[in-house]
Amino acid sequence: METLPQDRPRVLIVDDQPNWREALCELLDPTKYEIETAASYDEAKRKLRQRAFHVLVADQRLVDAQVNNIQGILLLDEVNKLRDGTQAIIVTGYPSIEAAKDALKGRAAYDYIFKSPEESEPPFNIQYRERVKEATEEAELERQKAITLGFSVSSLIAGLTYERIAETLFPAGTVSQDLLEGVKRVLHRLLYPLQPLARQMGRVWLSESDQTCEVLCWSRNRGKAALIRIGRERLSLDDRKPEWLKESWRSIKDEQFASVPLVGISYTIDDMMFEDFVALVKEED
Amino acid sequence: MSDRRIPRILVVDSEPKWSQAVKATLEEHGKYYVVNVGDSETALKSSYGDGFDLILINATLALGENMPKFEEIVRLYADKVLVISDVRSISTAIKVFKMGADYAEKPFEPRRVIDLVASRLQQAYGTAS
């Protein structure tokens, strides 16, 4: 595991049939992709909510016994809602023009390919690998676009302005344009590797007395909760557990970023379940 | 839309007999105005100037060697482009959908084109005109 490159593009493969799930995985190079699988619509939906994937590969029919099942295509609604830039490829052994139209035109799938080798030209395995690769590149482009536009950071600190944060961190009347830019830069630098491309649920705490700002978000890049703390001095941030963080939750310091006179540290909270995160964010509302 | 003017349809097909029958049928009751062309290059030229409400284009012409012309038409007209295929082909349909156009099987009977056109325009404008 350790030898694999970090931050490989993530692919979620959804198929109810174990042999196909395995085959779809094995056709992709594990050194190039981080691959997760799901065996049902519900499992896939859960995984999509917790992590951002570059590519979703979904079998059209997710309950083999149901001839008209198109749950694989319905997963596209989830993908479109999350706006992670995920590109979806529908694969199927039972292609139909109506289903292809629904997927490609109705729900913006990236591609629709046949599993049956005799019907596809070029052969399925070649087409599949190529399309996953292209879809990954497309997803990466979407991400870069979102980052350039700065969507997610502003949505994460929704309701707060960079000014408001800066005024918490620095004595009244001392907030200059430079400091403001610093706050912005630190937040961006710490948040983007963790996540968030899309509109994202999160929570911001400002502490006037400690002169710190804390942002709790769900890192969709890592599939874990993450905490970012920024303040004027490292001492005020290190080794002090936020009040709301349960004793049992283990946080791991991830990376830090200093932009004098600001320090930012990000942590991942390794054992906070997604449900706990949602409850915590809601509770504060 | 019907208040504005009668819908304009561009038919791109290499079978003049079929196209003429379609034109005659669609124009019969003065409901539609139809322009027939026989290749996608001419189609592109016509489509620059005239605002069409619907473009019916034969799949072989659309996806053949003149495909870049077709792509340009789709870029201009997007959803108003309906590719008509002589034979039912999922691969052709997928190609067409991915480009952003729509797909239908070619009605053998020119009269049936009326239904096709009416339902397409209804989808696009919310009125059967």
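Residues numbered from 1 in each chain as written. Chains lettered and ligands numbered in written order. Predicted model: local features only at pLDDT ≥ 70, side-chain atom pairs only at ≥ 80, totals over all residues.

J.: Looking at this structure, how should I read the overall build of chain B?
T.: Regarding its fold elements, chain B presents six helices and five strands. Secondary structure elements in chain B, listed N-terminal to C-terminal, are β-α-β-α-β-α-α-β-α-β-α. Expected size for 129 residues packed as a compact globule is a radius of gyration near 14 Å; at 13 Å, chain B falls within 12% of this value. Expressed as lengths along the three principal axes of its C-alpha atoms, the size of chain B is roughly 35 × 30 × 25 Å. The contacts in chain B between residues at least 6 apart in sequence include a share of 61% that link residues at least 24 apart. (Helix = DSSP H or I, 4+ residues; strand = E, 2+ residues; numbered from the N terminus. Rg over C-alpha atoms; globule rule 2.2 N^0.38 Å. Contact = placed C-beta atoms within 7 Å.)

J.: So what exactly am I meant to see when it comes to the overall build of chain A here?
T.: Looking only at helices and strands, one finds nine helices and 10 strands in chain A. Counting only residues that meet the buried cut, chain A has 38% of its 285 residues in that class. Across chain A, every contact between residues at least 6 apart in sequence was considered, and the portion connecting residues at least 24 apart equals 63%. (Buried ≥ 20, exposed ≤ 12 C-beta atoms within 10 Å, placed from the backbone.)

J.: Honestly, the sheet that holds strand β1 (residues 10-14) of chain A in this entry has me stumped. Any pointers?
T.: In any sheet, the strands associate via hydrogen bonds between backbone groups, in a parallel or an antiparallel arrangement. Residues and elements named next belong to chain A. Spatially, the five strands line up as an open sheet ordered β2-β1-β3-β4-β5, and their pairing is parallel. Strands at the two margins of the open sheet, each flanked by one partner only, are β2 (34-38) and β5 (111-114). Here the strands of the sheet are splayed against their neighbours by 20° on average, with no regard to which way each runs. In terms of strand pairing, strand β3 (residues 55-59) meets strand β4 (residues 87-92) through five bridges, oriented parallel. (Pairing = 2+ DSSP bridges. Axes fitted to C-alpha atoms, helices over the stretch in contact; angles between N-to-C directions.)

J.: What is the right way to look at the nonpolar core in this model?
T.: Grouped together as the largest cluster of nonpolar side chains are 76 residues, with contacts concentrated most on Val14(A), Leu56(A), Val57(A), Ile89(A), Ile9(B), Ile55(B) and Ile57(B). Discounting residues that sit within four places of it in the chain, Val14(A) has contacts with Ala38(A), Ala44(A), Leu56(A), Val57(A), Ala58(A), Asp59(A), Leu62(A), Gly72(A) and Leu75(A). Residues Ile165(A), Leu187(A), Ala226(A) and Ile228(A) belong to the second largest nonpolar core, which totals 26 residues. (Core = buried A, V, L, I, M, F, W, Y, C linked by C-beta atoms within 7 Å.)

J.: Help me understand the sheet that holds strand β2 (residues 33-37) of chain B in this model?
T.: Residues and elements named next belong to chain B. Here five strands make up an open sheet; going across it, the order is β2-β1-β3-β4-β5 and the pairing parallel. Bordering the open sheet on either side are β2 and β5 (102-105), each of which pairs with just one other strand. The mean angle between the axes of side-by-side strands here comes to 25°, regardless of whether they run parallel or antiparallel. As judged from the four bridges shared by strand β3 (residues 54-58) and strand β4 (residues 81-85), these two strands associate in the parallel manner. Within the sheet, the bridge partner assigned to Leu56 lies in β4 and is Leu82. Taken strand by strand, helix α1 (residues 16-27) contacts β1 (8-12) and β2, and its axis lies near 170° from that of β2.

J.: What should I look at first to understand the environment of Asp210(A) in this one?
T.: Considering the arrangement of structural elements, one finds Asp210(A) in the loop between β6 (202-207) and β7 (212-219). Along the backbone, Asp210(A) and Gly231(A) are 21 residues apart, and their C-alpha atoms lie at a distance of 8.3 Å.

J.: Help me understand the interface of chain B and chain A in this model?
T.: How big an interface is tends to be stated in terms of the accessible area lost upon association of its parts. Contacts between the two partners involve six residues from chain B, matched on the other side by eight residues from chain A. Among the elements that take part in the side of chain B that touches chain A, helix α5 (residues 90-99) of chain B stands out by supplying five residues, more than any other. Residues of the side of chain B that touches chain A, tallied by class, amount to five nonpolar, no polar and one charged. (Nonpolar A, V, L, I, M, F, W, Y, C, P; charged D, E, K, R; others polar.)

J.: What am I meant to see in helix α4 (residues 97-106) of chain A here?
T.: Every α-helical turn comprises 3.6 residues, leaving residues that sit three or four positions apart pointing alike. When we look at burial in α4(A), the residues that qualify are Ala99(A), Ala100(A), Asp102(A), Ala103(A) and Leu104(A). The inward-facing, buried residues of α4(A) abut α3 (71-82), β4 and β5 of chain A together with α5 of chain B. Among the residues trailing α4(A), Ala108(A) stands out with phi positive, at a value near 55°.

J.: Looking at this structure, how should I read the packing of helix α2 (residues 41-50) of chain A against α3(A)?
T.: In a pair of packed helices, the angle between the axes and the distance between the axes together describe the arrangement. Residues and elements named next belong to chain A. The N-to-C vectors of α2 and α3 enclose an angle of 15°; their axes lie 10 Å apart at closest approach. With respect to their mutual orientation, α2 and α3 come out roughly parallel. Relative to α3, the crossing made by α2 is right-handed. Of α3, the residues touching α2 (which contributes Tyr41, Ala44, Lys45 and Leu48) are Gln71, Leu74, Leu75, Glu78, Val79 and Leu82. Classifying every residue of the contact of α2 with α3 by side-chain character gives seven nonpolar, one polar and two charged. (Parallel < 35°, antiparallel > 145°, perpendicular 65-115°, else oblique. Left-handed = near helix turned anticlockwise from the far one by under 90°.)

J.: Would you mind showing me how to read the pairing of strand β10 (residues 262-269) of chain A here?
T.: Looking along a regular strand, one sees side chains alternate from face to face of the sheet. Residues and elements named next belong to chain A. Buried residues dominate β10, accounting for eight of its eight residues. Neither face of β10 is open: one carries Leu262, Gly264, Ser266 and Thr268, the other Val263, Ile265, Tyr267 and Ile269, and all of them are buried. Sheet analysis places strand β8 (residues 224-231) next to β10, joined by seven bridges and oriented antiparallel. Its bridge partner being in β10, Ala226 is matched across the sheet by Thr268.

J.: For this particular structure, what's the right way to read the packing of α1(B) against helix α6 (residues 112-125) of chain B?
T.: Residue and element names in this part refer to chain B. Two elements in contact, α1 and α6, have axes separated by 9 Å at closest approach and are oriented at 65°. Note on packing geometry: the crossing formed by α1 with α6 is right-handed. Contacts between α1 and α6 involve Val22, Thr25 and Leu26 from the former and Val113, Ile114 and Val117 from the latter. In the contact of α1 with α6, the residues fall into five nonpolar, one polar and no charged.

J.: What should I look at first to understand the pairing of β4(B) in this one?
T.: Relative to β5(B), β4(B) runs parallel, the two sharing four bridges. Paired with Ile84(B) across the bridge in β5(B) is Ala104(B).

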